[in-house]
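# Topology and contacts: notes
Each chain, letter by letter, is given below.
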Amino acid sequence: MSVDAPSQSDNHNELPTRTSGRLERVLRSGRFAVTAELNPPDSADPQDVYDAAVVLSSVCDAINATDASGANCHMSSVAICALLTRAGYEPVFQVSCRDRNRIAIQGDLLGAAAMGVHNVLCLTGDDVTAGDQPQAKRVFDLDSTQLLHTARIMRDSGVFLSGRKLTVPPPFFLGAAANPFVPPFDWRPVHLGKKIAAGAEFIQTQYCFDLPRLRTFMQSVRDQGLHEQAFILVGVGPLRSAGAAEFMRTKVPGVWIPDEVVDRLKGAPKGKQRAEGKRICIEIIQQVREIAGVAGIHVMAYRQEELVAEIIEESGLLPRPFRADVPHATRARHIPRPHHTR
Amino acid sequence: MQGYFHSHPHLLEKAYQLAERAAWALNPMVKKIGYARVERVIKGPEDVVKGWVFGCHRCGQCVLHSTGMSCPMGCPKNLRNGPCGGVRPNGHCEVKPEMRCVWVVAYESSLQMPIYGHELIEIQPPVDRRLEDTSAWINMLTGVDKQTPPGWIPLEAVK
């Protein structure tokens with residue numbers, strides 16, 4: 001699969017009746033998608049969001065707005081999404097179950113849709129103990145699977161969980177996370193199937209530093225035909241140094257970095273570890289692209305956002321298709337999706 | 001003791017199956033006496049036994065047999081549909097490093113559970129928080145534990 005040669009030239013007709021965002025169009029047109037994570041500001045200035053977004057926008061198809069990831073408080077994901085759609089960017093609205101109950105979450109989903117958000121990534125969320133305010137109360141009223149299904153019910157049946165009708169349902173493209181790199185390994189592909197059954201249309205995985213493990217996972221995914229039911233984007237990112245890698249794999253929940261990768265960083269000459277980390281990331285991207293059933297990558301470069309553009313360019317993934325050609329993000333609210341009666 | 005039971009999940013599911021049959025057999029009598037009255041009597045013993053065997057968190061809508069006889073409310077995130085992405089490489093919990101992930105246990109146990117093991121893939125609806133600290137057995141008999149939010153559509157109906 002290459003950026004320039006989509007497998008289907010024009011299949012807009014195959015799109016669902018709801019309006020689709022840029023990410024969905026890229027994926028449905030068979031192109032290899034690129035999403036990137038925006039580092040949310042600790043600031044009340046919208047310009048900080050735009051400064052972070054502008055370096056990502058030309059090299060990716062959608063920008064993920066994280067929801068206090070690692071349980072560290074930053075500007076809220078719904079507000080970042082509202083700022084991004086206002087400027088014509090395509091955000092992925094990350095929603096975690098850690099901080100809000102079902103009432104707050106459904107309200108935020110509607111609000112995000114009203115702001116022109118298409119893509120929603122439904123997450124469980126890192127536990128409060130992972131962050132810098134471990135005294136906080138954890139909510140987890142819904143889990144990520146229930147959240148996915150709730151968002152799907154709002155979209156397809158046009159109701160809240162209470163059964164109360166929505167006058168205009170949100171036209172979401174629904175996403176879920178997967179982590180193929182932590183136990184129970186055999187069950188991870190089955191668990192992915194469960195999330196797809198609950199409504200996931202695209203998947204963004206945790207950081208991949210272990211290609212053999214990813215290949216085993218994808219083999220099982222293909223055996224179940226799941227890659228044909230949802231678009232799978234593999235998480236990647238550069239490691240700043242051997243020390244940073246050590247920190248990530250011991251302190252950040254769910255990140256698995258094999259010894260070989262850490263050793264390779266340690267082996268790099270002094271002052272060259274950052275470049276080596278970038279090289280490892282590009283090599284992983286190139287190998288991930290060769291794995292059947294992988295529909296794209298999701299780049300997470302915590303505090304190294306200036307590297308994202310270089311990584312994507314040097315991986316041969318530019319130019320990006322459908323680049324901010326139309327401000328479709330602002331159209332969604334005027335075009336309701338037909339209600340499906342069941 | 002929990003360790004013994006968790007290494008024999010088939011015994012647990014068999015015990016559950018028998019207890020469920022017994023509960024339904026006694027249901028007409030329970031109904032006659034009154035669910036609330038019976039609940040007052042059995043709530044204490046139920047808490048003690050389930051607390052001892054499963055580390056029960058008294059959510060009042062027990063799905064143990066569908067989750068590998070491993071209580072999903074024992075998960076610090078209360079996940080009822082599978083593990084989060086934070087499971088440690090040794091299969092332990094992200095939040096409580098000394099505890100095995102309840103979903104790692106659930107998955108392993110379900111493989112040894114011929115009766116209910118397959119139910120692990122079923123999608124569990126959101127919890128009714130009002131049922132917390134009520135008797136799950138009585139809730140099963142009255143059917144309130146099966147009631148989902150009015151807008152919730154069972155997965156079979158979606159396709």
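Being a predicted model, the structure only gives us computed values, none of them experimental.

Another aspect to go through is the overall build of chain B. When its secondary structure is counted, chain B shows six helices and zero strands. Shown N-terminal to C-terminal, the secondary structure of chain B runs as helices and strands in the order α-α-α-α-α-α. At 16 Å, chain B has a C-alpha radius of gyration in line with the 15 Å of a compact globule built from 159 residues. Within the span of chain B, comprising 159 residues, buried residues form 33% of the whole. Partitioning the contacts of chain B with sequence separation of at least 6, the portion at a separation of at least 24 is 62%.

Judged by nonpolar contacts, the single largest core of 125 residues is most densely connected at Ile63(A), Cys81(A), Phe93(A), Cys122(A), Ile203(A), Val236(A) and Val299(A). No other element matches the six residues that helix 4 (residues 102–110) of chain B contributes to this core. Contact partners of Val236(A), with chain neighbours within four places excluded, come to Tyr207(A), Cys208(A), Cys281(A), Ile284(A), Ile285(A), Val288(A), Ile297(A) and Val299(A).

Residue and element names in this part refer to chain A. Running from N to C, helix 9 (residues 259–267) and helix 10 (residues 273–289) cross one another at 145°; their axes reach a closest spacing of 8 Å. Read as a crossing pair, helix 9 and helix 10 show a hand that is right-handed. Note on element contacts: helix 10 touches helix 9 through Gln273, Glu276, Gly277 and Ile280, opposite Val261, Arg264 and Leu265.

Okay, the confidence of the model for chain A next. On average, chain A scores 90 in pLDDT, and the residues at 70 or more come to 89%. Within the model, the stretch residues 325–342 of chain A combines pLDDT values under 50 with 34 contacts to residues more than four positions away or in other chains.

What follows covers unusual backbone geometry. With an omega of -5°, the peptide bond between Pro183(A) and Pro184(A) qualifies as cis. Take Pro184(A): it is sitting in the loop between strand 5 (173–178) and helix 6 (188–197). For Asp133(B), which is not a glycine, the phi torsion comes out positive at approximately 65°. Checked against the element boundaries, Asp133(B) lands in the loop between helix 4 and helix 5 (136–142).

Our next topic: the interface of chain A and chain B. With 34 residues of chain A at the interface, the matching set in chain B holds 30 residues. Elements that contribute at least two residues to the side of chain A that touches chain B include exactly helix 5 (144–156) and helix 6 of chain A. Looking at the side of chain A that touches chain B residue by residue, the class counts come to 16 nonpolar, 12 polar and six charged.

Once that is clear, we can look at the pairing of strand 7 (residues 231–236) of chain A. All names here are of chain A. Burial analysis of strand 7 places six of its six residues in the buried class, which makes it a mostly covered element. Of the two faces of strand 7, the one lined by Phe231, Leu233 and Gly235 and the one lined by Ile232, Val234 and Val236 are each fully buried. Both strand 6 (residues 202–207) and strand 7 contribute to a ladder of four bridges, which runs parallel. Note on strand 7: the bridge partner recorded for isoleucine 203 is isoleucine 232. The sheet contact formed by strand 7 and strand 8 (residues 294–299) spans five bridges and is parallel.

Here Gly163(A) lies in the loop between helix 5 and strand 5. The spacing of Gly163(A) and Ile153(A) is 10 residues in sequence and 9.6 Å in space, taken between C-alpha atoms. Dropping the residues within four chain positions of it, Gly163(A) is found in contact with Pro150(B) and Gly151(B).

Turning next to the pairing of strand 1 (residues 33–38) of chain A. Residue and element names in this part refer to chain A. Most of strand 1 is tucked away: six of the six residues are buried. Sheet topology places strand 1 next to strand 2 (residues 62–65); four bridges connect them, and they run parallel. Residue alanine 36 lies in a different strand from strand 2, and its bridge partner there is isoleucine 63. As a crossover connection, the stretch from strand 1 through helix 2 (residues 46–57) into strand 2 is right-handed.

All names here are of chain A. For leucine 166, the location among the structural elements is in the loop between helix 5 and strand 5. Here leucine 166 falls in the partly exposed class, since 18 other C-beta atoms lie within 10 Å of it. Each C-alpha atom of the pair leucine 166 and methionine 154 lies 7.7 Å from the other, and the pair is 12 residues apart in sequence. Not counting the four nearest positions on each side in its chain, leucine 166 is found in contact with Met154, Gly158, Val159 and Phe160.

Quick notes on the rules
- Residues numbered from 1 in each chain as written.
- Chains lettered and ligands numbered in written order.
- Predicted model: local features only at pLDDT ≥ 70, side-chain atom pairs only at ≥ 80, totals over all residues.
- Helix = DSSP H or I, 4+ residues; strand = E, 2+ residues; numbered from the N terminus.
- Rg over C-alpha atoms; globule rule 2.2 N^0.38 Å.
- Buried ≥ 20, exposed ≤ 12 C-beta atoms within 10 Å, placed from the backbone.
- Contact = placed C-beta atoms within 7 Å.
- Core = buried A, V, L, I, M, F, W, Y, C linked by C-beta atoms within 7 Å.
- Axes fitted to C-alpha atoms, helices over the stretch in contact; angles between N-to-C directions.
- Left-handed = near helix turned anticlockwise from the far one by under 90°.
- pLDDT = per-residue confidence, 0-100.
- Nonpolar A, V, L, I, M, F, W, Y, C, P; charged D, E, K, R; others polar.
- Pairing = 2+ DSSP bridges.
- Right-handed = clockwise from strand over helix to strand, strands pointing away.

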